[in-house]
Amino acid sequence: MLEEMRLDENIVLMGEEVGYYQGAYKVTQGLLEEFGSDRVVDTPIAEAGFAGIGIGAAMVGLRPIIEFMTWNFSFVAFDQIVQNAAKLYQMSAGQLQVPIVFRGPNGAAKQVSSQHSHAVEAFYTHVPGLWVCAPATPRDAKGLLKAAIRDNNPVIFLEGETLYGIKGEVPEVEEDEIIPIGKAAVAREGTDATIVTWGSPYYTSLAAAERLAGAGIECEIIDMRSLRPLDMETVLQSVRKTNRCVVVHEHWPYAGPGAEIVDGIQRDAMDHLDAPILRVTGQDVPMPYATNLEENVLPTEARVEEAVKQVCYRQ
Amino acid sequence: MAAQKDTLLARYKDMFRIRRFEEEAARGYAKGKIGGFLHLYIGQESIAVGASATLKPDDYVFQTYRDHGTAIARGTSTRAAMAELYGKDPGISRGLGGSMHFFDPANGFYGGYGIIGGHVALAAGAAFKSKYKKEGTVSMCFFGEGATNIGGFHEGASLAGLWKLPMVLVCENNTYAMGTPFSRTSPVEDITKKAAGYGMASDRFDGHDVQEVEARIGAAVELARSGGGPTLIEILTYRFRGHSMSDPGKYRTSQEVEERKKRDPLKVTKTQLESLGCSEDEILALENQVEEEIADAVQFAEEAPPARHDVMERSVYAPSNYVYPPVGQP
């Protein structure tokens, strides 16, 4: 954000505690000092209001970044995102563009329970007119965010809440690396089964893959990085090689990008499949508070391992 | 006196244009040429026309789904407006929006919104940009009294007040939210009382006189333009037609409607024109011009090519070829 804001005065940042407090998760640390309170704007607790102001400002030429303190709070701004941001370009027959990024932490943290633990991607990927990104690594987060800010469409940018502590190499300013929206990455090569994932469960999947390697099963991991558009080509290439697939995600199992990916595979790689595709998902319940329950509601390493063994008929 | 007469004649023509446009739209709807919802503005024309007279071309205007009058007052051509109602390619939103979603930013009209309230925040966003860029422009948002109960209105108004945005919030209180009088939905009947909570100025008046509308809204526009922050205006008005074309209007008596029609803004303006020495012929000549324009608009819409699939498909996502402006330039 800092790098992009230095390049373009039209970029303004708005949200709760983004300025003087330096960000609830410190993502916006230092921005107020550099850019001032006209560009780094603290808002009241009024998501529908400031999401709408961002959209209105985008319609007339600014390029706002709207931070939701967490994506759980975006539901009160759902009307603005779905009815206005996503549709204005088409409703106006291309007369109005809405270059805006909505970003914030997504998914469960630790024991924040029912109302603060949503993985929201199923809601937003449903909507034509929105792009949806869900990076897992620091490098992808940086490059994808740059792409999102430079895009002329509304982008839903989902930052895994548990991933803020992950450290990793990121390219220097001069490299100006842009990770294109809608391009998946092969995060680990393998021959026996494909794991398709994104966001926080990417790390669960990596750990499971290491354990499975010990058992002689080499998994290929596809990190989707973007969920709308879906890079099905990369997924299909991998599945045509491994002939087996497990989709791992945090959102609830009913519908959503996880189901969409499975639909794409069965349609375009049916003849390559040696086993039914399985999904490891967040369980179909509102998030409980107690640690022992929460741990098991989220997709666990053990469940990923078990699913991969199952598609490999190694149980 | 002569200048006042000419100005008022121009206002009358603008109001008459909207009235005749909508009467023909209703006819087109009855014939099945226009589908979906059709919400008519008939009876409220003095507000769109009076308000538009206070604005500059690059000011921003937002309206609810009852948007034909405001768009036309801003300068949308009646051809493009009628073609939109007919769902045709040369429509102002190329047949993708319909009656409720006119968009004409080239004429400073930023949309008709079917989901009321949220558009108040959008209008505040345009005002935010105006202030951030020191444009000197004003954002004007229209909404009905029914919209003042929803959260979107409250949050938009509240932020506009907090940030002293150059905005004018115009509540067109047309007495009924669909079929429900305001007294049954709001604990406070004087909407401008809410302005105190948003830290903004307010004004409240009857809307049948286009000259008064222009003067009173003009004051709010000047306040906003000069950095004085937003104003919440409530204009008492009345729609002569149903909420939409499918509304049988059983919630009010025909006597009430007839009584209100005595204060039809067109009639009121006509009387004013006569007292300024305007002849019947002068008015008739003007009306005839409008009749021709509207007949042409209808014919244009009838004959226009249909909306296009490729336009629909290509306008879901904007092309992403944005290049940053040089640093330090707007």
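Note that the structure is predicted; figures quoted are calculated from it, not measured.

Cut-offs used in this document
- Residues numbered from 1 in each chain as written.
- Chains lettered and ligands numbered in written order.
- Predicted model: local features only at pLDDT ≥ 70, side-chain atom pairs only at ≥ 80, totals over all residues.
- Heavy atoms only, no water.
- Buried < 20%, exposed > 50% of the residue type's maximum accessible area, 1.4 Å probe, protein only.
- Helix = DSSP H or I, 4+ residues; strand = E, 2+ residues; numbered from the N terminus.
- Pairing = 2+ DSSP bridges.
- Right-handed = clockwise from strand over helix to strand, strands pointing away.
- Contact = heavy atoms within 4.5 Å.
- Salt bridge = Lys/Arg side-chain N within 4 Å of Asp/Glu carboxyl O.
- Polar contact = N/O pair within 3.5 Å; in protein donor to acceptor, adjacent residues only side chain to side chain.
- Nonpolar A, V, L, I, M, F, W, Y, C, P; charged D, E, K, R; others polar.
- Axes fitted to C-alpha atoms, helices over the stretch in contact; angles between N-to-C directions.
- Expected span 1.5 Å × (residues − 1).
- Patch = residues over 30% accessible without salt bridge, like charges linked within 9 Å, V, L, I, M, F, W, Y side chains within 5 Å.
- Areas by Shrake-Rupley, 256 points an atom, 1.4 Å probe, with all protein chains shown as cover.
- Core = buried A, V, L, I, M, F, W, Y, C linked by side-chain atoms within 4.5 Å.
- Domains from an automatic or database assignment.
- Parallel < 35°, antiparallel > 145°, perpendicular 65-115°, else oblique.
- Left-handed = near helix turned anticlockwise from the far one by under 90°.
- Disulfide = S-S within 2.5 Å.

Novice: Would you take a moment to explain the pairing of strand β8 (residues 231–236) of chain B for this structure?
Specialist: Where a strand is regular, its side chains alternate between the two sheet faces. All names here are of chain B. Counted residue by residue, β8 has five buried out of six residues, so it is predominantly covered. Examined bridge by bridge, strand β4 (residues 167–173) and β8 share six bridges and lie parallel to one another. What sits directly across from N173, in β8, is L236. Of the strand pairs in this sheet, strand β7 (residues 201–206) and β8 are connected by six bridges, and their pairing is parallel. Its bridge partner being in β8, F205 is matched across the sheet by I235. As a crossover connection, the stretch from β7 through helix α8 (residues 210–225) into β8 is right-handed.

Novice: So what exactly am I meant to see when it comes to the interface of chain B and chain A here?
Specialist: Taken together, the 44 residues of chain B in the interface contact 54 residues of chain A. Summed over the shared surface of chain B and chain A, the result is zero salt bridges. On the surface where chain B and chain A come into contact, there are 18 residue pairs in polar contact (both at pLDDT 80 or more). Broken down by secondary-structure element, the contributors of at least two residues to the side of chain B that touches chain A are β1 (60–64), β2 (109–113), α5 (118–132), α6 (151–162) and α12 (309–314) of chain B. When residues in the side of chain B that touches chain A are grouped by element, the largest group, nine residues, is from α5 of chain B. Looking at the side of chain B that touches chain A residue by residue, the class counts come to 28 nonpolar, ten polar and six charged.

Novice: Is there a simple way to explain the sheet that holds β1 of chain B in this structure?
Specialist: To summarise the sheet geometry, strands pair through backbone hydrogen bonds and adopt either a parallel or an antiparallel arrangement. Residue and element names in this part refer to chain B. Here six strands make up an open sheet; going across it, the order is β2-β1-β3-β4-β8-β7 and the pairing parallel. The sheet is open, and its two borders are formed by β2 and β7, each paired with just one other strand. Taking each pair of neighbouring strands and ignoring which way they run, the sheet shows an average axis angle of 15°. By the bridge criterion, six bridges tie strand β3 (residues 139–144) to β4 in an arrangement that is parallel. Counterpart to G144 in the pairing with β4 is E172.

Novice: Any chance you could explain helix α1 (residues 2–30) of chain B here in plain terms?
Specialist: Helical geometry: 3.6 residues make up each α-helical turn, so side chains three or four residues apart lie on a common side. Taking 1.5 Å as the rise per residue, α1 of chain B with 29 residues should run 42 Å; its terminal C-alpha atoms sit 42 Å apart, in good agreement. Looking at the residues trailing α1 of chain B, positive phi occurs at G32 of chain B, about 80°.

Novice: Would you take a moment to explain a nonpolar patch on the surface for this structure?
Specialist: A cluster of nonpolar side chains, contributed by Y25, V27 and Y164 of chain A, occupies part of the molecular surface with about 220 Å² of accessible area. With respect to the element layout, Y164 of chain A can be found in the loop between β6 (155–160) and β7 (185–188).

Novice: Looking at this structure, I do not really get the nonpolar core. What am I missing?
Specialist: In terms of nonpolar packing, the biggest core is built from 83 residues, with M59, L88, F102 and I265 of chain A together with F62 and F128 of chain B touching the most fellow members. Top contributing element to this core by residue count: α5 of chain B, with eight residues. Shared between two domains, this core takes at least three residues from each, and those domains are domain 1 (2–175) and domain 2 (185–311) of chain A. Contact partners of F128 of chain B, with chain neighbours within four places excluded, come to V12, M14, D38, V41, I53, A57 and L62 of chain A together with W163 and L165 of chain B.

Novice: Just to check I follow, could you spell out the pattern of salt bridges for this structure?
Specialist: Side-chain pairing between opposite charges can occur once the charged atoms of the two side chains come close. Applying the stated criterion to the full structure yields 47 salt bridges over all chains. Here the salt bridges do not stand alone but share partners, grouping E3, E4, K142, K146, R150 and D176 of chain A into one network.

Novice: Can you help me understand the packing of α1 of chain B against helix α2 (residues 45–52) of chain B in this one?
Specialist: Geometry of a packed helix pair, given as the angle between the helix axes and the separation of the axes. Residues and elements named next belong to chain B. It is at 9 Å that the axes of α1 and α2 come closest, and there the two elements cross at 135°. Our classification of the angle between α1 and α2 gives oblique. Along this stretch, α1 crosses α2, giving a crossing that reads as right-handed. Note on element contacts: α2 touches α1 through E45, S46 and V49, opposite R11, D14, M15, I18 and R19. Grouping the amino acids of the contact of α1 with α2 by side-chain chemistry returns three nonpolar, one polar and four charged.

Novice: Could you clarify how one ought to interpret the environment of P44 of chain A in this entry?
Specialist: Considering the arrangement of structural elements, one finds P44 of chain A in the loop between β2 (40–42) and α3 (47–59). A relative accessible area of 31% means that P44 of chain A is categorised as partly exposed. Once the C-alpha coordinates of P44 of chain A and V248 of chain A are considered, the two residues, 204 residues apart in sequence, prove to be 36 Å apart. Beyond its immediate chain neighbours, meaning those up to four positions away, P44 of chain A contacts E16 and F50 of chain A together with L159 and L162 of chain B.

Novice: Sorry, what's going on with the side chain of E234 of chain B here?
Specialist: Residues and elements named next belong to chain B. Within the secondary structure, E234 is located in strand β8. The exposure class assigned to E234 is buried, which follows from its relative accessible area of 0%. There is a polar contact of 2.9 Å between the side chain of E234 and the backbone nitrogen of I191. At 2.7 Å, the side chain of E234 and the side chain of R204 are in polar contact. Beyond its immediate stretch of four places on either side in the chain, E234 contacts C171, N173, E189, D190, I191, T192, D203, R204 and F205.

Novice: Looking at this structure, how should I read the state of the cysteines?
Specialist: Note: disulfide means a covalent bond formed between the sulfur atoms of two cysteine side chains. All names here are of chain A. A full pass over the atoms with the stated rule returns zero disulfides over all chains. For C219, which is in no disulfide, the shortest distance to another cysteine sulfur is to C312 and amounts to 6.7 Å. Given the relative accessible area of 14%, C312 is considered buried.

Novice: Please clarify how unusual backbone geometry should be interpreted in this entry.
Specialist: Most peptide bonds take the trans form, and the phi angle of most residues other than glycine is negative. Residue P229 of chain A is bonded to the preceding R228 of chain A through a cis peptide linkage, with omega at 0°. Its identity is not glycine, yet Q22 of chain A carries a phi of approximately 75°, on the positive side. By the secondary structure assignment, Q22 of chain A is in the loop between β1 (13–15) and α2 (31–35). Despite not being glycine, K164 of chain B shows a phi value in the positive range, around 50°. Here K164 of chain B lies in the loop between α6 and β4.

Novice: Looking at this structure, I do not really get α3 of chain A. What am I missing?
Specialist: All names here are of chain A. If you check α3, its first and last C-alpha atoms are 18 Å apart, about what 13 residues at 1.5 Å a residue would give, namely 18 Å. The element α3 is extensively covered by neighbouring structure, given that 13 of its 13 residues are classed as buried. Downstream of α3 by one or two residues, G61 has phi in the positive range, about 120°.

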